[in-house]
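# Coordinate analysis (summary)
Now for the letters of each chain:
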Amino acid sequence: MKTGLETLILPAGEAAATAAARVLAAGGLVAFPTETVYGLGADAANATAIAHLYAAKGRPAFNPLIAHVADLSAARRIARFDARALALAKAFWPGPLTLVLPKTDDCPVADLATAGLDTVAIRLPAHPVAQAILRAFGGAVVAPSANISGHVSPTLAAHVESDLAGRIDLIVDGGPVEVGVESTIVGCFETSMLLRPGGLSRERIETVLGAPLERPPAEAGSDDSQPLAPGMLASHYAPRASVRLDAREVAPGEALLAFGPARVPGIEAVTTVMNLSPAGDLDEAAANLFGYLRALDARAPRAIAVMTIPDEGLGEAINDRLRRAAVAR
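Here we summarise the structure given alongside this text.

## Regarding the environment of Ala303
The residue Ala303 is located in the loop between helix H8 (282-297) and strand S14 (304-306) in this model. Looking at Ala303, the relative accessible area reads 7%, which means it is buried. With 203 residues separating them along the chain, Ala303 and Val100 place their C-alpha atoms 36 Å apart.

Below, the structure written as C-alpha cells:
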C-alpha cells in the first residue's frame, strides 16, 4: 500500500474535476462526493489502481466494487441490460440505484473490481461533482465509500480526511452529501433481488418493476462467503464503540442515537445525545446517520444505544446499516 502520500484537498469546481481526472488517469485515488456518501475513486480498468484502493481501505479483495459512469451509453458498454434493467435505469438514473448485471463480452472493468464474478455493479450518480469528474475522466470509475473498510461511511470531506489522509492522492470537497446512506443495490438475475437497501426505497422500485423484489439467500450476507454485491458483508459500517439496537432505556456511560420526539429512561446520565430526526422524518435520519455515528463514536462512549427506527421507506436502509454496525467484531 502507498502510505505517506501528501493528500491534496481541493474545493469542488472545474479545476478540481480536471485535477481528479488527471489523478485517476495516472492510477491514483480520488475521494469525491456523490449524492449518497463520499466515494473513493480509481480507474475501473486499472487493476493496479484498484489494488491500491483495496489496500488504502483495508478492504477484503473478494468484496466487489461499484463502477460509476457518466451516462447510460457508457453503462451499456460495461453491462448487458434487459427490459427490467432498462426500465429501472430510465426511472432512477442518475440517482442512488446500483444495478448488478451480466458483464458485456468486452467489459473494460478489471476482474479485480468484480471479485471474479461474471456480473458487474454499475451506477450513474446524480451529484454534479461526481458527474463533472466522470465526464472529465471519460471512463468508468470504481468508487466504494471513502473510509477505512468496515468503518462508518463518510458524508463530509472531513470524514474522508480523518480516515484516509496520507493514503490517497486527492479529496474533492463538495460539502455535505444529500442522501447520507449508500445506493440501493438491485440484482437483475432470473428474478429481481434487493441485494442492499439504500437511498432508493424498495416500494418505488417495485412500482416500476410491477413485481416484488426477492431477498438474497441468507448465506449471501455471511462474512465467510463471497458477496453478490458491495456492502453485503455481515459486519460493516461499524464505529469503534459497540452498538446496541432498539434501546428503550440508556445506561450511564452510553451515548444515545435518538429518533423522534420521545425521551427514553436514563437519558440524563448519557455522555452525549444526538437525534437523527426530532420530527421522526426518515429522510432526515438517513442523511444524518453516518455523520452522527461518527460524532458519537469520537466521544469514546461505553456503547452507542440506538432508539428504534421504523422499518419502512428509508428506514429499511437505516436499519440495515445499524444491524451491520452492531455485529460483534
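## Quick word on the pairing of strand S12 (residues 255-258)
The side-chain alternation of S12 yields two buried faces, one formed by Ala255 and Leu257 and the other by Leu256 and Ala258. The pairing of S12 with S14 spans 3 bridges and is classified as parallel. Note that in S14 the partner of Leu256 across the bridge is Ala305. Note: S12 against strand S13 (residues 273-275), 3 bridges, orientation parallel. Within S13, the position partnered with Leu257 by the bridge is Met274.

## So, the packing of aromatic side chains
Aromatic rings in a pair are described by how distant their centres are and how their planes are angled relative to each other. Considering all chains together, one arrives at 1 aromatic pair under this definition. When the ring of Phe81 is compared with that of Trp93, the centres are 6.0 Å apart and the planes differ by 80 degrees; the resulting orientation is edge-to-face. With Phe81 in the loop between helix H3 (72-78) and helix H4 (83-92) and Trp93 in the loop between H4 and strand S5 (97-102), this pair connects stretches of sequence that are 12 residues apart. As far as the burial class goes, Phe81 and Trp93 line up, both buried.

## Some words on the sheet that holds S12
Strand pairing in a sheet is mediated by backbone hydrogen bonds. Such pairs are either parallel or antiparallel. With parallel pairing, 4 strands are arranged side by side in an open sheet as S11-S14-S12-S13. Two strands lie at the open edges of the sheet, namely strand S11 (243-244) and S13, each paired on one side alone. Helix-sheet contacts for H8 involve S12, S13 and S14, and the interaxial angle to S12 is about 170 degrees.

## Comments concerning the pattern of salt bridges
In a structure, side chains of opposite charge can pair up when their charged atoms sit close to one another. Counted under the stated rule, the structure contains 14 salt bridges. For Glu316, the salt bridge is made with Arg202, and the minimal N-O distance between the two is 3.1 Å. Of this pair, Glu316 sits in helix H9 (residues 315-326) while Arg202 sits in helix H7 (residues 202-209), and the two are 114 residues apart along the sequence. Here Glu249 ties to Arg244 by a salt bridge, and the two come within 3.6 Å at their closest N and O atoms. Glu249 gets classed as partly exposed once you look at its relative accessible area, which sits at 43%.

## Quick notes on the nonpolar core
Core analysis: the biggest nonpolar cluster contains 50 residues, and Phe81, Trp93, Leu97, Leu99, Val142 and Ile168 have the highest contact counts within it. Those elements that place two or more of their residues in this core are strand S3 (38-43), helix H2 (47-57), H3, H4, S5, strand S6 (119-123), helix H6 (157-164) and strand S9 (184-188). Dropping the residues within four chain positions of it, Val142 is found in contact with Leu40, Gly41, Ala42, Ala44, Ile50, Leu53, Leu65, Ile66, Ala67, His68 and Ala113. Of all hydrophobic cores here, the second largest spans 25 residues; its members include Val152, Leu257, Leu276 and Ala286.

## Considerations on the sheet that holds strand S8 (residues 170-173)
With respect to topology, 10 strands assemble into an open sheet ordered S1-S8-S2-S3-S7-S4-S6-S5-S9-S10, the strand pairing being mixed. Edge positions in the sheet fall to strand S1 (8-11) and strand S10 (192-196), since each of these pairs with one other strand and no more. Where S9 lies against S10, 4 bridges are found, and the strand directions are antiparallel. By the bridge assignment for S10, Cys188 is matched with Ser192. Contacting S1, strand S2 (30-33), S3, strand S7 (141-142) and S8, helix H1 (residues 14-25) runs over the sheet at an angle of about 155 degrees to S8.

## Describing the state of the cysteines
One pass over the structure, following the stated rule, counts 0 disulfides. Just so you know, Cys107 is unpaired, no disulfide at all, and the nearest cysteine sulfur is the one on Cys188, 16 Å from it.

## Brief notes about the packing of H8 against H9
Two elements in contact, H8 and H9, have axes whose closest approach is 9 Å; the angle formed by their N-to-C orientations is 20 degrees. Put simply, H8 runs roughly parallel to H9. When you trace H8 past H9, the crossing you get is left-handed. For the pair formed by H8 and H9, the contact residues are Leu282, Ala285, Ala286, Leu289, Phe290 and Leu293 on the first element and Gly315, Ile318, Arg321 and Leu322 on the second.

## A short note on the side chain of Glu182
Its location among the elements puts Glu182 in the loop between S8 and S9. A polar contact is formed between the side chain of Glu182 and the side chain of Arg321, at a distance of 2.9 Å.

## A short note on the side chain of Thr36
Among the secondary structure elements, Thr36 is positioned in the loop between S2 and S3. A distance of 2.8 Å separates polar atoms of two side chains, one belonging to Thr36 and the other to Thr34. Beyond its immediate sequence surroundings of up to four residues, Thr36 is in contact with Pro96, Arg123, Val177, Val179, Gly180, Val181, Glu182 and Ser183.

## Comments concerning H1
With 12 residues, H1 extends 17 Å between its outermost C-alpha atoms, agreeing within 8% with the 16 Å of an ideal straight helix rising 1.5 Å per residue. Taken together, the buried positions of H1 are occupied by Ala16, Ala17, Ala19, Ala20, Ala21 and Leu24. The elements touched by buried residues of H1 are S1, S2, S3, helix H5 (128-137), S7 and S8. Following H1 by one or two positions, Gly27 has its phi on the positive side, about 90 degrees.

About the cut-offs
Residues numbered from 1 in each chain as written. Predicted model: local features only at pLDDT ≥ 70, side-chain atom pairs only at ≥ 80, totals over all residues. Heavy atoms only, no water. Helix = DSSP H or I, 4+ residues; strand = E, 2+ residues; numbered from the N terminus. Buried < 20%, exposed > 50% of the residue type's maximum accessible area, 1.4 Å probe, protein only. Pairing = 2+ DSSP bridges. Phe/Tyr/Trp six-rings, centres within 6.5 Å; stacked < 30°, edge-to-face > 60°. Contact = heavy atoms within 4.5 Å. Axes fitted to C-alpha atoms, helices over the stretch in contact; angles between N-to-C directions. Salt bridge = Lys/Arg side-chain N within 4 Å of Asp/Glu carboxyl O. Core = buried A, V, L, I, M, F, W, Y, C linked by side-chain atoms within 4.5 Å. Disulfide = S-S within 2.5 Å. Parallel < 35°, antiparallel > 145°, perpendicular 65-115°, else oblique. Left-handed = near helix turned anticlockwise from the far one by under 90°. Polar contact = N/O pair within 3.5 Å; in protein donor to acceptor, adjacent residues only side chain to side chain. Expected span 1.5 Å × (residues − 1).

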